[in-house]
Structures are given as structure tokens and as C-alpha cells.
Amino acid sequence: MKLTRRHTLGLIGATTAMGLATPNIAMNKKIKVGALRFTSHSGSFIAKEREYFADNGLDVELVFFQASQPMAVAIASKDIDYAVTAITGGLANLAEKGAIKIIGGALKEEAGLQGMKYLVSDVAFQNGVKAPKDLDGMRYGITQTGSSLHYQGSKMAAAENISLSYVPLQKVGTLVGAITSGQIDAFSIVPHIALPIAGGGNAHIIGNISDYIPDYQITVVFTSTHNAEFERLLTSSFLNAFTTGVDDYAAAMIDQSEGQEGIDDMVDIIHKYVYTDRERAKAAPSIINGTMRLSKGAALNLASVRDQLEWFQSEGLVDPGVTLNMLVDDSYVEIIDA
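Every residue gets a number counted from 1 within its own chain, in the order that chain's sequence is written. Totals for whole chains, interfaces and linings use all residues, but because this is a predicted model, local features are given only for residues with pLDDT of at least 70 and pairs of side-chain atoms are given and counted only at 80 or more. The basis for every side-chain value is the complete set of heavy atoms in the structure, and neither hydrogens nor water enter the calculation.

Q: What is the right way to look at the overall build of the chain in this model?
A: A count of helical and extended segments in the chain gives 15 helices and 14 strands. Here the C-alpha radius of gyration of the chain, 19 Å, is about what a compact globule of 338 residues would show, namely 20 Å. Seen through its principal axes, the chain has C-alpha atoms that stretch 60 × 50 × 35 Å. Each of the 338 residues in the chain was classed as buried or not, and the buried ones make up 55%. For this analysis, residues touch if any pair of their heavy atoms sits within 4.5 Å. Excluding contacts between residues fewer than 6 apart, the proportion of contacts in the chain whose partners are at least 24 apart in sequence is 77%. Just so you have it, the chain exposes about 13,400 Å², and 49% of that area is on carbon and sulfur atoms. Note on charges: Lys and Arg go in the positive column, Asp and Glu in the negative column, and His and the chain ends are not counted at all. In this description, the location of a charge corresponds to atom NZ of lysine, CZ of arginine, CG of aspartate or CD of glutamate. In the chain, which carries 27 positive and 37 negative side-chain charges, the distance between the mean positions of the two groups comes to 4 Å. Labels follow the DSSP assignment, with helices taken as runs of H or I lasting at least four residues and strands as runs of E lasting at least two, numbered in each case from the N terminus. Just to be clear, the radius of gyration here is over C-alpha atoms, and the globule rule we use is 2.2 Å times residues to the power 0.38. Remark: exposure states derive from per-residue accessible area (1.4 Å probe, protein chains only) relative to the maximum for the residue type, with buried under 20%, exposed over 50%, and partly exposed in between. Under the convention used here, a 1.4 Å probe and the Shrake-Rupley method define accessible areas, while residue burial counts only the protein chains that appear.

Shown next as C-alpha cells:
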């Protein structure tokens, strides 16, 4: 295990992101953490591999999903304890029932850094679709109705004054296969997936999510309402470990303060979870190209969360009575509302 400066501080008693002393609760407390096999979940991967979870008294099992919405259901059913994923209509509806709380932010769009992309199939591209405005009436892939991909497509369509024919395909892998085969015309995805597909010529990047949704809080950290309200030391321990992993990721991949060695070490960690079916040499460029900002200290952009909630409600996917207070516990991290 690489002993980083942050790890050393953790061993001598770091403080959590919320300013609480690092708790020595139930050493080896077993919890399950939901994730996708995306570079955007690197905070959890690093915290696991560099033993930041263990330093905080947590024995973490990572549980992998293929879409965001099932992760929210797993939190509500107590099959997992914490998760990082996009806000969905399903998550908001479970929050209304008192089952789920957002407790922090994770992946976000930031000016000057790589971001999510709109992709079009090669068939559509050769037929003249060169920009998002050209997608009027075309087949747009999403995981589920009310997913983050649905939100991203709808925001773009509204801005361009076009309509889209949404095709729910449940899994990201199925979406990738559908666009490369021309079964759908377009969809949106993170850069570590978008760039290799485009590089292979089976699809083309025609726009950026940030062009339509600036300062977008793409994913959030969430847990059960019970954990947020009654397991505060446990929740603080999880966030402390997770945000330390995020700091390591930013230092190595964005600030590059640790040089090439730091990048190589980070790729080694991420490759254990992302593109595991590829040799490390072939996986590394995609992992590096997928570098995006993860919120420091799990700070949460409440304005972005509000916009997403209001979109779900405008589409009839979430009851109009659902409020931000039902959805968000703002007591753990910095809240940005601008």
C-alpha cells in the first residue's frame, strides 16, 4: 500500500470533512457501498485500496450496479448502506417516502476540465447529424425514464427547441452497443466511455453537456434517512474516507502534483475496477481521458439539485410536493446554492 501524506495524517488523527474528530467507532464495521465501474467513482475505489475506509473503522464491500436508479432502490431496501450515483426520479420518489437522503456531492461539470459528451451514431453522422440541433425526432438512448441521461437529453432538446424519441435500454453497456450498431441515434455519457467510442469511429462527439447544463452536479453521495439521522458518526466516517480518496484523485489526475508516478499509481488503482477486461496499457488512456472533477469535501451544488428536482416534477415523474428538504440533508458538507 502506498503511504501518502493524506494517509499519514489519517493515521495520526485527521479530522473529518465536517470538522468532527475521526471516530473510533466499531472498528471493522461492515458496510456495503454502491458504485458503477466508472472513473467518476474513483473516490470510493481509492478509499478502499489505500485503506482510508479501514482507517475510519469501516470494512467496505463495493457493490456494483449497471445504472443509477437500481442503486437508489438498493439503499431504500437496505441492501447497501451508502452510494454515489446520479439523481433520478426514482431516488426523489424514495426520498418523499422518507427512505433516502442526499448527503454530499461527487462528480460535477467544471469549466476548463473534461466533461460529459453527447454522442451520435456513425450512421446518423453520415446522414448529416453534426450538432445536437440536428437530432430532432431521432432515437435518443437512456437507461430508464427519469434517469440522469433522460434529464441531460431533455435539457438539450429544450434549449435547441427539438423533440427526441427516448429509448430506455436499462444498462450503459447496452447503450454503448446500441449506438455503435446504429440502433439508437444518440445518447450522453461520461468521457472515459465517449472518447474511446468516438476514437473507434463508431460514433461521434457532437456536443458537451456543459453547453446546456453549466455547473451540473452530475452525481451525489447518498444514504438511508436512518443513517443520515441516527448513524451520524458512521456517516461522517464514510464521508471522511471518501473525501480523502477524492483529494488523492484530484492531486494525481487534475493537479498532477505527484508527477507521472502519481498518475501511474492512480491508474493502477482505478484499473482494478474500470476496464478490467482490458490490459492495463490499453485501459490507461481511457482512464486518463476520463478525468473529471469530483467535489472537494463532497460539497453539494444545491442549485443544480433543485434544477433536477424541478425537471422531474415538470415531467410528472416526481410529485410536486417533494421538497429539497425531503431530498437533502445539508448538515454534513458545504452547500453551494448559486
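Q: Sorry, what's going on with the packing of aromatic side chains here?
A: The geometry of an aromatic ring pair comes down to the distance between the two centres and the angle between the two planes. Pairs were defined over the aromatic rings of Phe, Tyr and Trp, the Trp ring being its six-membered one, requiring ring centres within 6.5 Å. Orientation was assigned from the angle between planes: stacked under 30 degrees, edge-to-face over 60, tilted for the rest. One pass over the structure, following the stated rule, counts 11 aromatic pairs. Ring centres of F64 and Y273 lie 6.1 Å apart, and the angle between their planes is 35 degrees; this geometry places the pair in the tilted category. Highlighted residues: F64 in strand β2 (residues 58–64) and Y273 in the loop between α12 (259–271) and α13 (280–289), separated in sequence by 209 residues. Residues Y118 and Y212 carry aromatic rings whose centres are separated by 5.6 Å and whose planes lie at 85 degrees to one another, so their mutual orientation is edge-to-face. Here Y118 is found in strand β6 (residues 117–121), whereas its partner Y212 is found in the loop between β10 (203–208) and β11 (219–224), with 94 residues between them in sequence. You'll find Y118 and Y212 in the same group, each marked buried.

Q: Quick question: what am I supposed to make of the nonpolar core here?
A: The nonpolar side chains of a soluble globular protein tend to be buried, and buried together. Take the buried residues of types Ala, Val, Leu, Ile, Met, Phe, Trp, Tyr and Cys, join any two whose side-chain atoms come within 4.5 Å, and each joined set is a nonpolar core. Formed by 108 residues in total, the largest nonpolar core has its most connected members in I102, L135, I189, F222 and F238. Tallying contributions element by element places helix α11 (residues 232–254) first for this core, with nine residues.

Q: Mind showing me how you'd approach the sheet that holds strand β3 (residues 82–86) here?
A: Each strand in a sheet pairs with its neighbour through backbone hydrogen bonds, running either in the same direction (parallel) or in the opposite one (antiparallel). Spatially, the five strands line up as an open sheet ordered β2-β1-β3-β11-β4, and their pairing is mixed. The outermost strands of the open sheet, each flanked by one partner alone, are β2 and β4 (100–105). Strand-to-strand twist of the sheet, defined as the mean angle between neighbouring strand axes without regard to direction, takes the value 30 degrees. Strands were regarded as paired on the criterion that DSSP finds at least two bridges between them. In terms of strand pairing, β3 meets β11 through five bridges, oriented antiparallel. By the bridge assignment for β11, T85 is matched with V220. Helix axes are fitted to C-alpha atoms over the stretch in contact, other axes to C-alpha atoms as well, and angles between N-to-C directions run from 0 to 180 degrees.

Q: Would you explain the pattern of salt bridges in this entry?
A: Pairs can form between side chains of opposite charge once their charged atoms are near each other. Salt bridges are identified by distance alone: a Lys or Arg side-chain nitrogen within 4 Å of an Asp or Glu carboxyl oxygen. On inspection of all chains with the given rule, the structure shows 11 salt bridges. With its nearest N and O atoms 2.9 Å apart, the salt bridge here joins K272 to E49. A residue pair is termed long-range when its members are at least 10 positions apart, and K272 in the loop between α12 and α13 and E49 in helix α2 (residues 42–49) qualify at 223 residues. Taking the shortest distance from any N to any O, the salt bridge between R293 and E110 comes out at 3.0 Å. Of this pair, R293 sits in strand β12 (residues 293–294) while E110 sits in the loop between β5 (107–108) and β6, placing them 183 residues apart in sequence. Since its relative accessible area comes to 18%, R293 is described here as buried.

Q: I keep staring at the packing of α12 against α13 and nothing clicks. Help me out?
A: A packed helix pair is summarised by two numbers, namely the angle formed by the two axes and the spacing between the axes. Where α12 meets α13, the axes come as close as 10 Å, and the angle between the chain directions of the two elements is 105 degrees. Considering their axes alone, α12 and α13 lie roughly perpendicular with respect to each other. Along the contact surface, α12 presents I263, D264, V267, D268, I270 and H271, while α13 presents R280, A283, A284, I287 and I288. Gly falls in the polar group here, along with every residue not listed as nonpolar (Ala, Val, Leu, Ile, Met, Phe, Trp, Tyr, Cys, Pro) or charged (Asp, Glu, Lys, Arg). Across the contact of α12 with α13, the residue classes tally to seven nonpolar, one polar and three charged. Oblique is the label for any angle not covered by the other classes, which are roughly parallel (under 35 degrees), roughly antiparallel (over 145) and roughly perpendicular (65 to 115).

Q: I'm lost on helix α8 (residues 172–181) in this one. Help?
A: Residues separated by three or four positions in an α-helix point in the same direction, a consequence of the helix having 3.6 residues per turn. Residues of α8 that are buried include every one of V172, L175, A178 and I179, and no others. For α8, the arc enclosing every buried residue in end-on projection is 120 degrees, short of the 170-degree limit, so these residues lie on one face. On the buried face of α8, the contacting elements are β6, β7 (139–142), α7 (148–160), β9 (186–189), α9 (191–199) and β10. Just beyond α8, the residue with positive phi is G182, at close to 80 degrees. Think of it as the arc spanned by the lines of direction from the helix axis to the C-beta atoms.

Q: How do you make sense of the side chain of S40 when you look at a structure like this?
A: Within the fold, S40 resides in the loop between β1 (29–35) and α2. With near-sequence residues (within four places) excluded, S40 lies in contact with L107 and L294.

Q: How should I be thinking about the confidence of the model for the chain in this particular structure?
A: Per-residue confidence from the predictor is reported as pLDDT, which spans 0 to 100. For the chain, per-residue confidence averages 91 on the pLDDT scale, and residues scoring 70 or more make up 92% of the total. For the stretch residues 1–22, pLDDT sits under 50, and the model shows 46 contacts to residues farther than four places along the chain or on other chains.

Q: Could you clarify how one ought to interpret the environment of G34 in this entry?
A: Mapped onto the elements, G34 comes out in strand β1. The exposure class of G34 is buried, given its relative accessible area of 0%. The sequence separation of G34 and S44 amounts to 10 residues, and the corresponding C-alpha distance is 9.2 Å. Not counting chain neighbours up to four residues away, the residues in contact with G34 comprise V63, F65, M71, I80, Y82, A83 and V84.

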